[in-house]
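Listed here are the chains, written in short residue letters.
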Amino acid sequence: MGAKDFISLDDSLWPLLVARFVGLPTLQDQEEYFAQFLVHLRREEKCVLILDTRQVRMMTGEHRQKLVEFAREHHALIRTQILGCAAVITSPVMQLAASLVLHFSPPPMPYFITRSLPEAAKWAAKCLDGAGQPHAAERIRHHYAPSMERHVG
């Protein structure tokens, strides 16, 4: 199994990039994901990121440490290319892990944490509106409209 079996990057609604995590990737899978993520960042086109962790198991301390190291090493690129990041986290344990990562490596961009993919998509669309990309924002709203309507309230 490769990283794509555990971590996938969907850029079909670019400039929205959705990273989906499933299960518990190996450290090698995580490194492959970092390499794929860098390809998108080096496109030199600003984007909004959604991290979908609804199907991930708890990250190990080593996974969190590698994530912090990656964020520090590529801080400038992340800061210039990512307009905002919405994380979908449903597990209380993953919420705790995320707060630890955010404490040790605060993101260089606005971020939003939610338990709902539709809420993350709404937030991402607002980021793109704010960045002067209303057409991209509208494509996201249109794509996620059915789930946004079910999530009202």
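The model shown is predicted, which means the values in this text are computed figures rather than measured ones. Each chain has its residues counted from 1, running along the sequence as written. Under the rules for a predicted model, residues below a pLDDT of 70 receive no local features and side-chain atom pairs below 80 are neither given nor counted, while totals for whole chains, interfaces and linings still include all residues. To obtain the side-chain values, all non-hydrogen atoms of the structure were used and water was disregarded.

### As for the overall build of the protein chain
Only DSSP runs of H or I covering at least 4 residues are called helices, and only runs of E covering at least 2 are called strands; the numbering of each starts at the N terminus. Counting secondary structure elements, the protein chain contains seven helices and five strands. Along the protein chain, helices (α) and strands (β) appear in the sequence α-β-β-α-β-α-α-β-α-β-α-α when read from the amino end. Its C-alpha radius of gyration of 15 Å places the protein chain within 12% of the 15 Å reference for a compact globule of 153 residues. Taking all 153 residues of the protein chain together, the buried fraction comes to 44%. Pairs of residues are marked as contacts when any of their non-hydrogen atoms sit within 4.5 Å. Here the contacts in the protein chain between residues at least 6 apart in sequence split such that 76% fall between residues at least 24 apart. Working definition of accessibility: Shrake-Rupley area with a 1.4 Å probe, residue cover restricted to the visible protein chains. Looking at the protein chain as shown, the accessible area adds up to about 8200 Å², and 57% of this sits on carbon and sulfur atoms. Put simply, the protein chain has 17 plus and 16 minus side-chain charges, and the middle of one group is 5 Å from the middle of the other. Every radius of gyration here is taken over C-alpha atoms, with the globule rule written as 2.2 Å times N^0.38, N being the number of residues. Relative accessibility decides the category of a residue: with a 1.4 Å probe and only protein chains considered, values under 20% of the type maximum give buried, values over 50% give exposed, and everything between is partly exposed. Charge assignment in this entry is limited to Lys and Arg as positive and Asp and Glu as negative, and neither His nor the chain termini are counted. For this purpose, a charge sits on NZ of Lys, CZ of Arg, CG of Asp or CD of Glu.

### As for the pattern of salt bridges
The salt bridge criterion pairs a side-chain nitrogen of Lys or Arg with a carboxyl oxygen of Asp or Glu, the two atoms within 4 Å. In this structure the tally under the stated criterion is seven salt bridges. Among the salt bridges present, the one from Asp-10 reaches Arg-20, with a minimum N-O distance of 3.6 Å. On the criterion of sequence distance, the pair formed by Asp-10 in strand S1 (residues 7-13) and Arg-20 in strand S2 (residues 16-23) is long-range, its members being ten residues apart. Arg-20 gets classed as partly exposed once you look at its relative accessible area, which sits at 27%. Through salt bridges with shared partners, one network takes in Asp-10, Arg-20, Asp-52 and Arg-54.

### Structural notes on the environment of Phe-21
Relative to the helices and strands, Phe-21 resides in strand S2. In the structure, Phe-21 is positioned 34 residues away from Gln-55 in sequence and 6.3 Å away in space, judged by C-alpha atoms. Beyond its immediate stretch of four places on either side in the chain, Phe-21 contacts Phe-6, Ile-7, Tyr-33, Leu-51, Asp-52, Thr-53, Gln-55 and Val-56.

### Things to note about the sheet that holds strand S3 (residues 47-56)
Backbone-to-backbone hydrogen bonds pair the strands of a sheet. The strands run either parallel or antiparallel. Strands sit in the order S1-S2-S3-S4-S5 across an open sheet of five strands; the sheet is mixed. One side of each edge strand has no neighbouring strand; the edge strands of this open sheet are S1 and strand S5 (111-114). On average, each strand axis in the sheet is tilted by 20° relative to the strand beside it, whichever way the strands run. One ladder, built from six bridges, connects S3 with strand S4 (residues 82-88); its direction is parallel. Residue pairing in the sheet places Asp-52 in a bridge with Val-88 of S4. Strand pairing is assigned whenever DSSP identifies at least 2 bridges connecting the two strands. Think of each axis as a best-fit line through the C-alpha atoms, taken over the contacting stretch in the case of a helix, with angles from 0 to 180 degrees between the N-to-C directions.

### Here we look at the side chain of Gln-30
Inspection of the secondary structure puts Gln-30 in helix H2 (residues 27-41). A polar atom in the side chain of Gln-30 sits 3.1 Å from the backbone oxygen of His-63. Residues within four places of Gln-30 in sequence aside, it is in contact with Ile-7, Met-59, His-63, Lys-66 and Leu-67. By the criterion applied in these results, polar contacts are pairs of N or O atoms within 3.5 Å in which, for protein atoms, one can donate a hydrogen and the other can accept it, and in which residues neighboring in sequence qualify only through two side-chain atoms.

### Quick word on the nonpolar core
A general tendency of soluble globular proteins is for nonpolar side chains to be buried together. Only buried residues count toward a nonpolar core, which is a set of Ala, Val, Leu, Ile, Met, Phe, Trp, Tyr and Cys residues joined through side-chain atoms within 4.5 Å. Formed by 25 residues in total, the largest nonpolar core has its most connected members in Tyr-33, Phe-37, Leu-49 and Ile-82. Contributing elements (two or more residues each) for this core: S1, S2, H2, S3, S4 and helix H5 (92-104). Examining the composition of this core, we find that five residues originate from one element, H2, more than from any other. Not counting residues up to four positions away in its chain, the partners in contact with Ile-82 are Phe-37, Leu-41, Cys-47, Leu-49 and Met-109. Ranked by size, the runner-up nonpolar core spans 19 residues in total, among them Val-18, Ile-50, Val-88 and Ala-125.

### Considerations on the packing of H2 against helix H3 (residues 61-73)
At a minimum axis separation of 11 Å, H2 and H3 run at an interaxial angle of 20°. Accordingly, the angle class assigned to the pair H2 and H3 is roughly parallel. Read as a crossing pair, H2 and H3 show a hand that is right-handed. Listed contacts from H3 to Leu-27, Gln-30, Glu-31, Phe-34, Phe-37 and Leu-38 of H2 are Glu-62, His-63, Lys-66, Leu-67 and Phe-70. In what follows, roughly perpendicular refers to angles from 65 to 115 degrees, roughly parallel to angles under 35, roughly antiparallel to angles over 145, and oblique to any angle outside these ranges. Throughout, a crossing is termed right-handed when the near helix is turned clockwise from the far one, and left-handed when it is turned anticlockwise from it by less than a right angle.

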